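Each chain, written out:
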Amino acid sequence: MSKIKVVFWSQSGNTEAMAKAIVEGVVAGGKDAEAIFVSDITPGDLKDDNVFALGCPAMGAEVLEEMEMEPFVEALESMVNGKTILLFGSYGWGDGEWMRDWVDRMSAAGAKVMNGEGLMCHEVPDDAGIEECINWGKQMATL
Ligand SMILES: Cc1cc2nc3c(=O)[nH]c(=O)nc-3n(C[C@H](O)[C@H](O)[C@H](O)COP(=O)(O)O)c2cc1C
């Protein structure tokens, strides 16, 4: 059985902590998973994966990180039709606009966004946030 890939970009570690908790949840749910920094994978590596997770904090002015994550997501748009994707990330002062836009974008590309929404934590994920990541990871393991 192949590992569920949890691909993320993170500058100060908050989204990375979410990625690791999602992996923990998948494993607790009985499947294998790995957290992968976006620069360590290519979009083509997700070609045969029907379920995976993508994480990125709110950056710029309510956008994805522009050097690595944005081009990665753009390249995925033509190949996510029918795939189930968990979107997640940490944010600071905004209201989650970057995540709403990201969910809309992946849905428009034909992906099934898990739970129809993204998983967000404010800055450093607190215990409840980590618990939520673990629970979403467990849900992923059922797919
Ligand atoms: C350059 C920069 C731009 C940011 N832009 C936003 C933003 O538009 N909206 C928001 O809510 N938070 C914004 N933030 C806050 C980050 O999303 C937040 O600190 C997050 O926890 C960082 O996640 P990370 O530790 O995974 O890098 C920004 C942070 C930086 C450094």
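Look above for the structure.
Residues numbered from 1 in each chain as written. Predicted model: local features only at pLDDT ≥ 70, side-chain atom pairs only at ≥ 80, totals over all residues. Heavy atoms only, no water.

(A) Focus on the pattern of salt bridges. Inspection of the entire model under this criterion finds six salt bridges. With its nearest N and O atoms 3.6 Å apart, the salt bridge here joins Asp48 to Lys47. This pair shows no difference in class: Asp48 is exposed, exactly as Lys47 is. Residues Glu77 and Arg105 are paired through a salt bridge, measuring 3.3 Å at the closest nitrogen-oxygen approach. Residue Glu77 is located in the loop between α2 (69–76) and β4 (84–91), and its partner Arg105 is located in helix α3 (residues 97–108); the two are separated by 28 residues in the primary sequence. Given the relative accessible area of 27%, Glu77 is considered partly exposed. Residue classification places Arg105 among the partly exposed residues on the basis of a relative accessible area of 22%. (Salt bridge = Lys/Arg side-chain N within 4 Å of Asp/Glu carboxyl O. Buried < 20%, exposed > 50% of the residue type's maximum accessible area, 1.4 Å probe, protein only. Helix = DSSP H or I, 4+ residues; strand = E, 2+ residues; numbered from the N terminus.)

(B) Just the nonpolar core, in detail. Leu54, Leu87, Trp102 and Met106 are the most contacted members of the largest nonpolar core, which totals 24 residues. Sorting the residues of this core by element identifies β3 (51–55), α2, β4 and α3 as the ones contributing at least two each. It is α3 that provides the largest number of residues to this core, a total of five residues. Filtering out sequence-adjacent residues up to four positions away, Trp102 remains in contact with Leu54, Gly55, Cys56, Leu64, Met69, Val73, Leu87 and Phe88. (Core = buried A, V, L, I, M, F, W, Y, C linked by side-chain atoms within 4.5 Å. Contact = heavy atoms within 4.5 Å.)

(C) Geometry of the packing of helix α1 (residues 14–28) against helix α4 (residues 127–141). Look at α1 against α4: their axes get within 6 Å of each other, and the N-to-C directions meet at 45°. By the angle between their axes, α1 is oblique relative to α4. In the packing of α1 onto α4, the handedness of the crossing is right-handed. Across the interface between the two elements, Ala17, Met18, Ala21, Ile22, Glu24, Gly25, Val26 and Ala28 from α1 touch Ile130, Cys133, Ile134, Gly137, Lys138, Met140 and Ala141 from α4. (Axes fitted to C-alpha atoms, helices over the stretch in contact; angles between N-to-C directions. Parallel < 35°, antiparallel > 145°, perpendicular 65-115°, else oblique. Left-handed = near helix turned anticlockwise from the far one by under 90°.)

(D) Spatial organisation of α4. Between the first and last C-alpha of α4 there are 21 Å, a value that for 15 residues agrees with the 21 Å anticipated at 1.5 Å per step. Of the residues making up α4, those classed as buried are Gly129, Cys133, Ile134, Trp136, Gly137, Met140 and Ala141. Angularly, the buried residues of α4 cover 165° about the axis, an arc narrow enough to put them on a single face. Facing away from the buried side of α4 by over 90 degrees, the exposed positions are Asp127 and Ala128. Packing partners of the buried residues in α4 comprise β1 (4–8), α1, β3, β4 and β6 (119–122). (Expected span 1.5 Å × (residues − 1). Arc of directions from axis to C-beta.)

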